Amino acid sequence: MLTRNHKPAAPPAEADPELEFDAAAARSSPWRLVWRKFRKHKLAVAGAVVVLLAYVVVVFAEFLAPTSTSTSDSTLTYAPPQMVKVDLSWSDGLQMYVNGYRTERDPETFEQIHTLDPDLRVPLRFLPRGDSYEMWGIIPWDRHLFGAAHAKDKVFLLGSDRQGRDLLSLIIQGSRVSLSIGLIGVAVSFLLGLLFGGVSGYYGGAPDTLIQRVIEFLMAIPTLPLWLSLSAAVPADWGPMMRYFAITTILSVLGWTGLARVVRGRFLSLREEDFVTAARLDGCGRIRIIFRHMVPSMSSHVIASLTMAVPAMILGETAMSFLGLGLQSPAVSWGVLLQEAQNVRTLETAPWLLIPGVAVFVTVLAMNFVGDGLRDSADPYKQ
Amino acid sequence: MLSFLSRRVMWMVVTLWAVSLASFFIISLPPGDYVSTLQAEAESRGEMMSDSQLSALRSRYGLDQSFLAQYWKWISNIVFHGDFGQAFAWNSRPVSDLIWDRVGLSFFLSVSTLLFIWAIAFPIGIFSAVRQYSPGDYLATFFGFFGMAVPEFLLALVFMWAGMRFFGTSPGGLFSPEYQDAAWNLGKVLDMGAHLWLPIVIIGLSGTAGLIRITRANLLDELYKPYVVAARARGMPEWKLLLKYPVRMSMSPFFSTVGWLLPGLISGETIISIVMSLPTTGPLLLSGVENQDMYLVGSFVLILSTLTVIGTLISDLALAWWDPRIRHRYEGG
């Protein structure tokens, strides 16, 4: 592996101050060097923090969401967002509250209009009792991180939707589908891309030609009609889970070609490198050369391209669900939530329905930053 | 060069044949067919269709034949008679008529979007590379990431909401209500322009963002190469030094995207067109998919892939013309 080439034969007896930095760099493993370079990319580090937080939300979604996705209140549809306020003058210390809703009927259209009433106060607290759930399907609990102090009160911090469900809870619970579909899809296309790209790049000749033709064939089919027709082909009576896996498969079957090209290109250029020739002359077998020598030295590049592929998949799922061809209600994902916002008339009444789009934007942006930072630091030996 | 061309064209034919078979297969994947869609619609209206009616419809459309027979009927008509079949859901109007009706707007939209992208992205990309880490570069970088992260349809929705909220008009559609049925005159043309600039900007935004990133990265790779230093050492003026070689190299993405114009003429930016209700070919395609209109969608996919393949070839040729190194590789191999 690369580490061996850069490890000094014996530790230097006396550290020369001018050489100290280089010596430290020479002793560190390639991954440590990548990390050092990555840390300098401020935006990438910030992006990484956001992405990590997003996945923490995914893991603890039931606990973090104030209500479950099925909790709705048909008397409070399209209720506007409430702002959390803090009252310092409360008798027993600090009290958080939101203003409650006053409901009126529009005299002409008889539509219900909910406005915030500054005189009404709905108290809030940490760890209130609320909808019961099973954490990760095993631990039953009914406490949530934050919410109305009394379970009968309704609080919609980001407003409510057409059915009177809490948008904040929906966004948190929807993150599970939206963010995992990218990871699983990329994992599948990674395996396909690595396999076919590797075979193509290492063996060359006939297998290479064949695989390149298949890739060209897949790339020649226009993406959108293919998406549309494939997802229309998913039977309507499949449950949300089956549909989810079908959509993921569609996304990754279309997504592996780009990755295969990257892997092939790396293999082609690495094949000519001195250390590969040296390994071959030493009598290493093909499998050993590929996995012991070539794969480690290209893994950072591959990881960088993987990071760039995840946001593309998330955007793909969002667009598909938005068109009504991806996941469908009652499954909750950011794309499904945005489907509600398709109509301009609805947006006029409830502009907060666009907030799931903000969630998409922030995560995708953060992931792009991370990918950009990884790409810059992928080759730590390049100055 | 000639042998390269003929080999490419041969592969193109093979690819297209595979694409046509695959696309026809994919379209036939969903259970049921157009007649069962009709039946479901009739039932939702409370009407019943008899079995004999249904089978009469099926044989009329050739839906009772085997998959290969249907495929053969479809593809042979296209190849030998240029007949793309009929769209069931549109009273059996010829597919080619339907598509032609909408090609004009799609064409206009994709050409103007591409021009918009090029006009904005190249100057910004070049500036951003030459003045790396300047405030302008940071601004361009931020804009680039922004454009890549925001889904187009979301942007369209935000603009439409803002238009509704602050200007009281919906920017969707092609014409204002008062011009909808009017005959063509200057006012109508101006009105259409007022409606079309927004989709062009929205569709162009993510393309612009991507192209800025690519131009910047390519140019940065070139700017510090020895030939640039050598030319500078010889006293070449800086602007000439920049424009003559590094910028020329960084223009490669321009040529590799020229070919995309072709499929773009037909695909008509489906999602944006749906959100902003523009009568391009995109919504037609979506409705075809929903109705399981096999000939309509199949023809769409076939035309699009043909144009993609031809477009790629044009791009490769343009790139070879632009970059002597690539030309040399083709001639050698």
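Treat the numbers as computed from the prediction; the structure is a model and nothing was measured.

Rules and cut-offs
Residues numbered from 1 in each chain as written. Chains lettered and ligands numbered in written order. Predicted model: local features only at pLDDT ≥ 70, side-chain atom pairs only at ≥ 80, totals over all residues. Domains from an automatic or database assignment. Contact = placed C-beta atoms within 7 Å. Pairing = 2+ DSSP bridges. Helix = DSSP H or I, 4+ residues; strand = E, 2+ residues; numbered from the N terminus. Axes fitted to C-alpha atoms, helices over the stretch in contact; angles between N-to-C directions. Nonpolar A, V, L, I, M, F, W, Y, C, P; charged D, E, K, R; others polar. Parallel < 35°, antiparallel > 145°, perpendicular 65-115°, else oblique. Left-handed = near helix turned anticlockwise from the far one by under 90°. Expected span 1.5 Å × (residues − 1). Bend = angle between axes of the 7 residues up to and from the residue. Buried ≥ 20, exposed ≤ 12 C-beta atoms within 10 Å, placed from the backbone. pLDDT = per-residue confidence, 0-100. Core = buried A, V, L, I, M, F, W, Y, C linked by C-beta atoms within 7 Å.

A. Expanded view of the domain arrangement of chain A. Residue and element names in this part refer to chain A. With domains assigned, chain A is organised as domain 1 (42-59 + 169-377) and domain 2 (73-163). Using C-alpha coordinates to define each centre, domain 1 is positioned 37 Å away from domain 2. With seven residues of domain 1 in contact, the opposing surface of domain 2 contributes seven residues.

B. Molecular detail of the sheet that holds strand S3 (residues 112-126) of chain A. Residues and elements named next belong to chain A. In space, the four strands of this open sheet follow the order S1-S2-S3-S6, with antiparallel pairing throughout. This sheet does not close on itself; its edge strands, each paired only once, are strand S1 (85-87) and strand S6 (146-148). Going from strand to strand, the sheet's axes swing by 45° on average, the running direction of each strand aside. The pairing of S1 with strand S2 (residues 95-105) spans three bridges and is classified as antiparallel. In the strand pairing of S2, Lys 85 is matched with Tyr 97.

C. Focus on the interface of chain B and chain A. Tallying the contact residues gives 40 residues for chain B and 32 residues for chain A. Looking at the side of chain B that touches chain A, the element that brings in the most residues is helix H7 (residues 152-167) of chain B, giving eight residues. Of the residues assigned to the side of chain B that touches chain A, the class counts are 30 nonpolar, eight polar and two charged.

D. Seen up close, the packing of helix H14 (residues 355-377) of chain A against helix H6 (residues 135-149) of chain B. Viewed as axis vectors pointing N to C, H14 of chain A and H6 of chain B meet at an angle of 125°, and their least axial separation amounts to 9 Å. Judged by the angle between their axes, H14 of chain A and H6 of chain B are oblique. Seen from above, H14 of chain A lies across H6 of chain B with right-handed handedness. Touching Phe 361, Val 364, Leu 365, Asn 368 and Phe 369 of chain A of H14 of chain A are Phe 145, Met 148 and Ala 149 of chain B, all from H6 of chain B. Here the contact of H14 of chain A with H6 of chain B is composed, by residue class, of seven nonpolar, one polar and no charged.

E. Quick peek at helix H9 (residues 240-271) of chain A. Helix length check: H9 of chain A, at 32 residues, gives a terminal C-alpha distance of 45 Å against a target of 46 Å (1.5 Å per residue), a fit within 8%. For H9 of chain A, the principal kink sits at Gly 255 of chain A and spans about 35°.

F. Looking closely at the pairing of strand S5 (residues 139-143) of chain A. Residue and element names in this part refer to chain A. With respect to burial, S5 is a largely exposed element, only zero of its five residues being buried. In this structure, strand S4 (residues 129-135) lies alongside S5, joined through four bridges in antiparallel fashion. The partner of Met 135 across the bridge, within S5, is Ile 139. Taken together, S4 and the strand that follows it, S5, pair antiparallel across an intervening segment of three residues, in which Trp 136 is found at a positive phi of about 50°.

G. Geometry of the confidence of the model for chain B. Residue and element names in this part refer to chain B. Averaged over chain B, the pLDDT score is 78; the fraction of residues at 70 or greater is 87%. For chain B, the element scoring lowest by mean pLDDT is helix H13 (residues 261-267), at 63; helix H9 (residues 226-233) scores highest, at 87. Predicted as a complex, the structure gets a pTM of 0.77 and an ipTM equal to 0.73.

H. Structural view of the nonpolar core. The biggest cluster of nonpolar side chains holds 152 residues, and the ones touching the most others in it are Phe 153, Ala 156 and Leu 157 of chain B. If you tally residues by element for this core, the top one is helix H11 (residues 286-322) of chain A, at 14 residues. When residues are assigned to domains, this core turns out to be shared by domain 1 (42-59 + 169-377) and domain 2 (73-163) of chain A, each giving three or more.

I. Broad picture of the confidence of the model for chain A. On average, chain A scores 77 in pLDDT, and the residues at 70 or more come to 89%. Throughout residues 1-20 of chain A the model reports pLDDT below 50, and contacts reaching past four residues in sequence, or to other chains, amount to 13 contacts.

J. Summary view of helix H6 (residues 167-203) of chain A. All names here are of chain A. Taking 1.5 Å per residue as the helical rise, H6 with its 37 residues ought to reach 54 Å, and the 53 Å between its terminal C-alpha atoms agrees with that figure. Of all bends in H6, the biggest is about 35°, found at Gly 174. Gly 204 lies just past H6 and shows a positive phi near 65°.

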